[in-house]
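# Survey of secondary and tertiary structure
Each chain is listed here by its residues.
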Amino acid sequence: MIITKTREEIELMRESALVVSKTLGMLATEVKPGVTTLHLDKLAEEFIRDHGAIPGFLGLYDFPNTLCMSPNAQVVHGIPNNTPLVEGDIISIDCGAIKNDFYGDHAYTFPVGEVSEEVKQLLKVTKESLYIGIAEFKLGNRVGDVGYAIQQFTEDAGYGVVRELVGHGLGRKMHEDPEMPNYGRRGKGKKFIEGMVVAIEPMTNMGTHRIKQLRDGWTILTNDGKPSAHFEHDVAIVDGKPEILSTFKYIYKALGIESDEEDAFRQELLTV
Ligand code: MG
Ligand code: MG
C-alpha cells in the first residue's frame, strides 16, 4: 500500500533529507587517500546527532553502522572498516537519518583523489541516469516508466543495471511501497499519485549486472570485480511533478563544483 504524504509531511521529509544532504556535504572533503571508512562513519554519526536527528541505518535490520560504505566493486551495503581508502578508489556513501519521525535516505559515489577516465564516465552516467529516472516520476506515469528510462540510458552506455536491489517508497518507514527498480517496462507497474515520496537509486555496474553477497550477510559486490556506482535522491510528487527533497549542493559547495542538475526538479531554487 502506498502511503501518500501531505504537504506538511513532505516539508518534514525535506528536513530529514537535508540532514543527510548536509552529512554528505561534510564528508565530501573528508574523503581522501588514507582515511578509513570507519572514521568517516564516526564523523557522520556525530554530525547527524548534532543536527537533532538519529542515524537511520544504525540498527535497522541489525545493520551495525551509520553509513553503508561500498568501495569499488562493492555495489551497496558495505560495512565501514579500518581499511584506508587509496588514490583512484571510488566510494559509495549511503546515509540515512530520522528527523520528525521521517526518514531521509540518499547516496553519492565519491572519487578518492584522481580516478581513471573510465571510472569518471561510470560516475557521470550513473548520476545522469538518476535524473533521467526522476524526470519520469510524475503524475500519469508508472513504476516501469522510471525503471525503463534508467535501464535504457544505462545499457546504451554499455553498463549493467543491478536487478536484485531497488529503490523504494520512503516515509515513517525506511522501505515503503512501491519498490522502484532501475529496470522495467514502459507503462507497467503501480501508478504514481500526488504526495508519493520515493528514493530513486540507480546502482550501475561497469561490467556485468550480476552481483554476489559476502559472507558478512551485507556487502553486495559485482560478480566480475569491476567497479559499481550508486547515486540516490529522495523525491516527492508535488502538483503532479517530481520535487527533489534531498540535494547534492552541499557536496558541490564543499568541492567547488558548479551544477544546476537539480534545479529543474525543485519548485523553489535552493541556495546552500
Ligand atoms: Mg540509501
Ligand atoms: Mg534507499
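Residues numbered from 1 in each chain as written. Chains lettered and ligands numbered in written order. Predicted model: local features only at pLDDT ≥ 70, side-chain atom pairs only at ≥ 80, totals over all residues. Heavy atoms only, no water.

## A word on the UniProt feature "domain: Peptidase M24" (unreviewed entry) in the protein chain
The sites that UniProt annotates as "domain: Peptidase M24" (unreviewed entry) are residues 11-237. Helix makes up 29% of residues 11-237 and strand makes up 27%, while its end C-alpha atoms are separated by 12 Å. (UniProt positions renumbered as here; feature names shortened; annotations may be inferred. Helix = DSSP H or I, 4+ residues; strand = E, 2+ residues; numbered from the N terminus.)

## Points about the pattern of salt bridges
All told, the structure shown has 15 salt bridges when counted by the stated rule. Across the pair Glu-128 and Lys-124 runs a salt bridge whose closest N-O atoms are separated by 3.3 Å. Note that Glu-128 and Lys-124 are positioned in helix H3 (residues 117-135) at a spacing of four residues, about one turn of the helix. Look at Glu-128 and you get partly exposed, because its relative accessible area is 32%. Taken together, the shared-partner salt bridges in this structure form one network comprising Glu-11, Arg-14 and Glu-243. (Salt bridge = Lys/Arg side-chain N within 4 Å of Asp/Glu carboxyl O. Buried < 20%, exposed > 50% of the residue type's maximum accessible area, 1.4 Å probe, protein only.)

## Overview of the sheet that holds strand S15 (residues 241-244)
Read from one edge to the other, the open sheet built from five strands follows the order S8-S7-S9-S14-S15, with strand pairing classed as antiparallel. Strands with a single pairing partner mark the edges of an open sheet, and in this sheet they are strand S8 (176-180) and S15. With strand direction ignored, the average angle separating the axes of adjacent strands in the sheet is 30 degrees. Of the pairings in the sheet, the one linking strand S7 (residues 167-169) to strand S9 (residues 197-200) comprises two bridges and is antiparallel in character. Bridge pairing in S9 places Gly-169 opposite Val-198. Contacting S8 and S9, helix H4 (residues 143-156) runs over the sheet at an angle of about 35 degrees to S8. (Pairing = 2+ DSSP bridges. Axes fitted to C-alpha atoms, helices over the stretch in contact; angles between N-to-C directions. Contact = heavy atoms within 4.5 Å.)

## Structural notes on the pairing of S15
Taken residue by residue, a regular strand's side chains alternate between the two faces of the sheet. One ladder, built from four bridges, connects strand S14 (residues 233-238) with S15; its direction is antiparallel. For Ala-236, the partnering residue across the bridge sits in S15 and is Glu-243. Remark: two residues form the turn of the hairpin made by S14 and S15, two consecutive strands paired antiparallel; Asp-239 in that turn has positive phi of roughly 50 degrees.

## Things to note about the packing of H3 against H4
Put simply, H3 and H4 touch, their axes get as near as 8 Å, and they point 155 degrees apart. By the angle between their axes, H3 is roughly antiparallel relative to H4. Crossing of H3 against H4: the hand is right-handed. Every residue of H4 that contacts H3 at Val-125, Glu-128, Ser-129, Ile-132 and Gly-133 is listed here: Val-146, Ala-149, Ile-150, Phe-153 and Thr-154. Split into classes, the residues belonging to the contact of H3 with H4 amount to six nonpolar, three polar and one charged. (Parallel < 35°, antiparallel > 145°, perpendicular 65-115°, else oblique. Left-handed = near helix turned anticlockwise from the far one by under 90°. Nonpolar A, V, L, I, M, F, W, Y, C, P; charged D, E, K, R; others polar.)

## Digging into the coordination of the magnesium ion (ligand 1)
The coordination sphere of the magnesium ion (ligand 1), as far as protein atoms go, consists of Asp-94 (OD), Asp-94 (OD), Asp-105 (OD) and Glu-232 (OE), spread over 2.0 to 2.4 Å. Read from N- to C-terminus, the donor residues coordinating the magnesium ion (ligand 1) fall into the pattern D-x10-D-x126-E. The magnesium ion (ligand 2) is placed at 3.1 Å from the magnesium ion (ligand 1), the two being bridged by Asp-105. Taken together, the residues span a long stretch of sequence, with Asp-94 in strand S4 (residues 90-99) and Asp-105 in strand S5 (residues 102-111) at a distance of 11 residues. In this structure, Asp-94 and Asp-105 share a single accessibility class: buried. (Donors = N, O, S within 2.8 Å, 3.2 Å for Na, K, Ca; no water.)

## Section: the sheet that holds strand S13 (residues 228-230)
Taken in spatial order, the three strands make up an open sheet running S6-S10-S13, and their pairing is antiparallel. Every interior strand has two partners, whereas the edge strands, strand S6 (160-161) and S13, have only one. Two elements, strand S10 (residues 203-205) and S13, share three bridges in a ladder whose sense is antiparallel. Directly across from Met-203, in S13, lies its bridge partner His-230. Seen against the sheet, H3 touches S10 and S13 and runs at an angle of roughly 35 degrees to S13.

## So, the side chain of Ser-16
Inspection of the secondary structure assignment puts Ser-16 in helix H1 (residues 7-28). Polar side-chain contacts of Ser-16 include one of 3.1 Å to the backbone oxygen of Phe-102. Apart from the residues within four sequence positions on either side, Ser-16 is in contact with Ala-97, Lys-99, Phe-102, Tyr-103 and Gly-104. (Polar contact = N/O pair within 3.5 Å; in protein donor to acceptor, adjacent residues only side chain to side chain.)

## Structural notes on the environment of Gly-256
Turning to its location among the elements, Gly-256 is positioned in the segment after helix H5 (249-255). The spatial distance from the C-alpha of Gly-256 to the C-alpha of Val-75 is 27 Å, given a sequence separation of 181 residues.

## Concerning the packing of aromatic side chains
Taken as a whole and assessed by the stated rule, the structure comprises nine aromatic pairs. Each ring, one from Tyr-108 and one from Tyr-252, has its centre 6.1 Å from the other, and the planes form 75 degrees; the classification is edge-to-face. Residue Tyr-108 is located in strand S5, and its partner Tyr-252 is located in helix H5; the two are separated by 144 residues in the primary sequence. Here Tyr-108 and Tyr-252 have matching classes, each one buried. For the pair Phe-248 and Tyr-252, a centre-to-centre distance of 6.4 Å together with 75 degrees between the ring planes defines the contact as edge-to-face. The residues Phe-248 and Tyr-252 share a single accessibility class, namely buried. Each residue in the set Tyr-108, Phe-110, Phe-231, Phe-248 and Tyr-252 is aromatic and connected to the rest through ring pairs, giving one cluster. When the ring centre of Tyr-183 is taken as reference, the NZ or CZ atom of Arg-163 above it lies at 5.5 Å. (Phe/Tyr/Trp six-rings, centres within 6.5 Å; stacked < 30°, edge-to-face > 60°. Lys NZ or Arg CZ within 6 Å of the ring centre and 35° of its normal.)

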